[in-house]
Amino acid sequence: MQQRQDRRREARIALDLPAVLSTNSSTKPSREIKAQTVNLSLKGCAIVCGNSAPHDAECVVRFGSILNPEINHEYPARNIWVSPDSHQVGFEFSSIPAPLAAELSKVLELAK
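Residues numbered from 1 in each chain as written. Predicted model: local features only at pLDDT ≥ 70, side-chain atom pairs only at ≥ 80, totals over all residues. Heavy atoms only, no water.

Caption draft 1: View of the nonpolar core. Leu40, Ile47, Val61, Phe63 and Phe91 are the most contacted members of the largest nonpolar core, which totals 24 residues. For this core, the elements supplying multiple residues, two or more each, are strand 2 (18-23), strand 3 (32-41), strand 4 (44-48), strand 5 (58-64), strand 6 (72-82), strand 7 (88-93) and helix 1 (98-111). Considering every element that reaches this core, the biggest residue donor is helix 1, with four residues. Ignoring any residue separated from it by four or fewer positions in sequence, one finds Phe91 in contact with Leu21, Lys43, Gly44, Cys45, Ile47, Cys59, Val61, Ala77, Arg78, Asn79 and Ile80. (Core = buried A, V, L, I, M, F, W, Y, C linked by side-chain atoms within 4.5 Å. Buried < 20%, exposed > 50% of the residue type's maximum accessible area, 1.4 Å probe, protein only. Helix = DSSP H or I, 4+ residues; strand = E, 2+ residues; numbered from the N terminus. Contact = heavy atoms within 4.5 Å.)

Caption draft 2: Structural detail: the pairing of strand 6. Pairing of strand 5 with strand 6, which is carried by seven bridges, proceeds in the antiparallel orientation. The partner of Val60 across the bridge, within strand 6, is Pro76. Pairing of strand 6 with strand 7 involves five bridges; the strand directions are antiparallel. Residue pairing in the sheet places Ala77 in a bridge with Phe93 of strand 7. Between strand 6 and strand 7, which pair antiparallel in sequence order, lie five residues; one of them, Ser86, sits at a positive phi of approximately 65°. (Pairing = 2+ DSSP bridges.)

The following block contains the structure:
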């Protein structure tokens, strides 16, 4: 059996937050999918959803602030992997706003 290389480049934390995926495909109608975050890093996140995860290259991932769930953040992201059962997907953020980067850095430091 061949071992898969772990390609994680950033520290990440396990995090279970409600999330919404908004697809952004030029060839298909837009749709929103309810999901949950699995983990989060400064570069991206993994999510799990009850329905089949989108295979669209671009979408927006939306979830509440880690420190204040009343505040929602939206992150343009691209799909970089999908699990074989299509219920888990990994996203790489296109950009991350400075306030979230500071919040995330603080939480990652506390999680060490």
